[in-house]
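# Residue-level structural notes
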Amino acid sequence: MSSENSSADDVRQVWDVVVVGAGPAGASAAYAAAVAGRRVLVLEKAELPRYKTCGGGIIGPSRDSLPPGFDLPFKDRVHAVTFSHNGRFSRTRRSRQMMFGLINRPEFDQQLVEHAQKAGAELRTGVAVQRVEQHGSAVPDRRTVAVVLQGGETVLARAVVGADGSAGRIGAHVGVKLDQVDLGLEAEIPVPETVAEDWKGRVLIDWGPMPGSYGWVFPKGDTLTVGVISRRGEGAATKRYLEDFIGRLGLAGFEPSISSGHLTRCRADDSPLSRGRVLVCGDAAGLLEPWTREGISFALRSGRLAGEWAVRIAEAHDAVDARRQALNYAFAVKAGLGVEMSVGKRMLAAFERRPGVFHAVLTGFRPAWKAFKDITQGSTSLGELVRTHPLAHRALLALDRRQADDEVSSRP
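The paragraphs below set out a description of the structure included in this document.

Definitions and limits used
Residues numbered from 1 in each chain as written. Predicted model: local features only at pLDDT ≥ 70, side-chain atom pairs only at ≥ 80, totals over all residues. Heavy atoms only, no water. Pairing = 2+ DSSP bridges. Helix = DSSP H or I, 4+ residues; strand = E, 2+ residues; numbered from the N terminus. Axes fitted to C-alpha atoms, helices over the stretch in contact; angles between N-to-C directions. Contact = heavy atoms within 4.5 Å. Buried < 20%, exposed > 50% of the residue type's maximum accessible area, 1.4 Å probe, protein only. Polar contact = N/O pair within 3.5 Å; in protein donor to acceptor, adjacent residues only side chain to side chain. Patch = residues over 30% accessible without salt bridge, like charges linked within 9 Å, V, L, I, M, F, W, Y side chains within 5 Å. Areas by Shrake-Rupley, 256 points an atom, 1.4 Å probe, with all protein chains shown as cover. Salt bridge = Lys/Arg side-chain N within 4 Å of Asp/Glu carboxyl O.

### Examining the sheet that holds strand 5 (residues 80-85)
Read across the sheet, seven strands follow the order 6-5-13-14-15-12-16 without closing on themselves; strand pairing throughout is mixed. The two strands at the open ends of the sheet, each matched to only one other strand, are strand 6 (88-94) and strand 16 (258-267). Mean inter-strand twist for the sheet, computed between neighbouring axes without regard to direction, equals 20°. Packed onto the sheet, helix 7 (residues 235-248) meets strand 12 (178-190), strand 13 (202-207), strand 14 (214-220) and strand 15 (223-231) and runs at close to 150° relative to strand 15. Helix 11 (residues 366-377) rests against strand 5, strand 6 and strand 13 of the sheet, and its axis sits at about 120° to strand 5.

Structural data, given as structure tokens:
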């Protein structure tokens, strides 16, 4: 950007890219736009660091999407997974190589934001966005978006990236549509050293009692992150599952340092990813893996794409060019993350009906365990696996057929 343009923008206080939200998606978008040499402002309503309900598993695709030189603050490295089916049929599988690492979100998110700041992005915390305007008196020209803050202040931008979560203002502005909402409940439980040692390097995944539900134990030094997730609307049953789960594990006697809940929301297939000069990514776009509800890798990957395409939208001189760049962003998201989500939805539908089959296959069928390892380590993805491995493709088709047969047989 020339100094002449820069000084003109300073007078008008126009940023190239404004990112709303400083989680993994927002920090990734800010980093990508700042590395490209653009003036980037990140707006975050909370003060950092802040707690987020999340298991904190960093799988291969997440590691591969981090900025160069990012030193992951792992609390543990996972080499073993114990699977159980509603507390029964427990079996542990092990891997010589690390499958994934475990982090605390406040520390991880803070570090991501610091990388964006080092790349040149500016951060404002404690500011809440009230609305976004692309027309009207607050907008000086057609190349500008007005971000109106609570209190009345207006921030101007050439492009806006919404990364303010699934219930945020920017998703509502874009018109994001959601077709799967799940409730996650979680407890951070400090434990004695003898208990922590028993869990070191090993996680537990328990296929739960409600359709599509599961629980997890993620060890992080002297604390165990214990959580469960199931479809929204099953609040009482989900709470009971968590209490029973903690009791079965022998952890009921330890007082949680934090107990929290969170709704995860998956986008509908036809949900928009942009409106005018505004893009959405991460949770704000409803981007996460529908079966496992893993969201960090989706946030990092979609955030980076949003930052890169926001730079192009900021450079667009008219609405037609801005629209073209926004469509290119949507295509990039759907070609990668969209394919994974599509396979994940099919996996979830099959898992909801036959969790026992999934448990038996994962614990007793070596290729299934290898696929699980490959996905967590990042050497493949659900979409890639189905596309390139005939056995996985046939297995998914068989699950689809079985689901269709079940639906026919259940009709009156």
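Further notes follow.
### Remarks on the environment of Gln180
Residue placement: Gln180 occurs in strand 12. For Gln180, a relative accessible area of 5% corresponds to the buried category. Each C-alpha atom of the pair Gln180 and Cys266 lies 5.1 Å from the other, and the pair is 86 residues apart in sequence. Sequence-distant contacts of Gln180, that is, excluding residues within four places in its chain, are made with Arg231, Thr264, Arg265, Cys266, Pro290, Arg293 and Leu348. There is a polar contact of 2.7 Å between the side chain of Gln180 and the side chain of Asp182.

### Topic: a nonpolar patch on the surface
On the surface, a nonpolar cluster with roughly 210 Å² of combined accessible area is contributed by Val357, Val361 and Phe365. Structurally, the position occupied by Val361 is in helix 10 (residues 355-364).

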